[in-house]
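Working through the structure, step by step
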Amino acid sequence: LKGTLKGHTGSVASIAWNHDGSLIASGSYDNTVMLWDPKTMQEKGTLSGHNGYVLSVAWSQNGSLLASGSSDCTVRLWTPDGQERGTLTGHTGYVLSIAWSPDGALLASAGVDETVRLWTPHGSKKGTLTNHSDIVRSVAWNHNGSLLAS
């Protein structure tokens, strides 16, 4: 154990490294995303904007965007310096999982509303997969982005 990152006031639900290992993002039941420097173990910023638990965080492959999914039924996009780039709306239940395609061209989000939604990095809706019959707890792309599992 190298150390402990302390700062959230609620349980941590998700954690993700950026592409080059220079930042860690953590999503929490305190409704925030925190950014951390893994070398110094110090907080680099707190991203506020969600009105519910942050249940999933994921960095784009090139590290230019961080996505966060929440119990407020939204996905938010952030820059590495903590600026909010957009709020993606459409889910009607908690967003439980998010994943960027390997090329960063698509973001998949999944949730309690039994859907998987696809988004561009600019926040445009690309499609909705509605063939699930229960909560979708996780999404993952294959190595080249040609298949999405849910």
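Residues numbered from 1 in each chain as written. Predicted model: local features only at pLDDT ≥ 70, side-chain atom pairs only at ≥ 80, totals over all residues. Heavy atoms only, no water.

Counted according to the given criterion, the structure contains one aromatic pair. Judged by centre distance (4.2 Å) and plane angle (35°), the rings of tyrosine 29 and tyrosine 53 are tilted. Highlighted residues: tyrosine 29 in the loop between β2 (24-28) and β3 (32-37) and tyrosine 53 in the loop between β4 (42-48) and β5 (54-59), separated in sequence by 24 residues. Overall, tyrosine 29 belongs to the partly exposed group, its relative accessible area being 39%. Overall, tyrosine 53 belongs to the partly exposed group, its relative accessible area being 34%. (Phe/Tyr/Trp six-rings, centres within 6.5 Å; stacked < 30°, edge-to-face > 60°. Helix = DSSP H or I, 4+ residues; strand = E, 2+ residues; numbered from the N terminus. Buried < 20%, exposed > 50% of the residue type's maximum accessible area, 1.4 Å probe, protein only.)

Moving on, we come to the side chain of arginine 117. In this fold, arginine 117 is placed in strand β11 (residues 116-119). Classification of arginine 117 by relative accessible area gives buried; the value is 14%. Looking at arginine 117, its side chain comes within polar contact range of the main-chain oxygen of glycine 90, at 3.0 Å. Within the structure, arginine 117 has its side chain in polar contact with the side chain of threonine 128 (distance 3.3 Å). Filtering out sequence-adjacent residues up to four positions away, arginine 117 remains in contact with Gly90, His91, Leu107, Ala108, Ser109, Gly127 and Thr128. (Polar contact = N/O pair within 3.5 Å; in protein donor to acceptor, adjacent residues only side chain to side chain. Contact = heavy atoms within 4.5 Å.)

Moving on, we come to the sheet that holds strand β1 (residues 12-17). Each strand in a sheet pairs with its neighbour through backbone hydrogen bonds, running either in the same direction (parallel) or in the opposite one (antiparallel). Within the open sheet, the four strands sit side by side as β1-β2-β3-β4. Their pairing is antiparallel. Because the sheet does not close on itself, it has two edges, and the strands there are β1 and β4. Within this sheet the neighbouring strands show an average axis-to-axis angle of 20°, counted without direction. (Pairing = 2+ DSSP bridges. Axes fitted to C-alpha atoms, helices over the stretch in contact; angles between N-to-C directions.)

Attention shifts here to the pairing of β5. Most of β5 sits inside the fold, with six of its six residues counted as buried. In terms of strand pairing, β5 meets strand β6 (residues 66-70) through five bridges, oriented antiparallel. The residue bridging tryptophan 59 from the neighbouring strand is leucine 66, located in β6. Here β5 hands over to β6 after six residues, with glycine 63 in that stretch at a positive phi of 80°.

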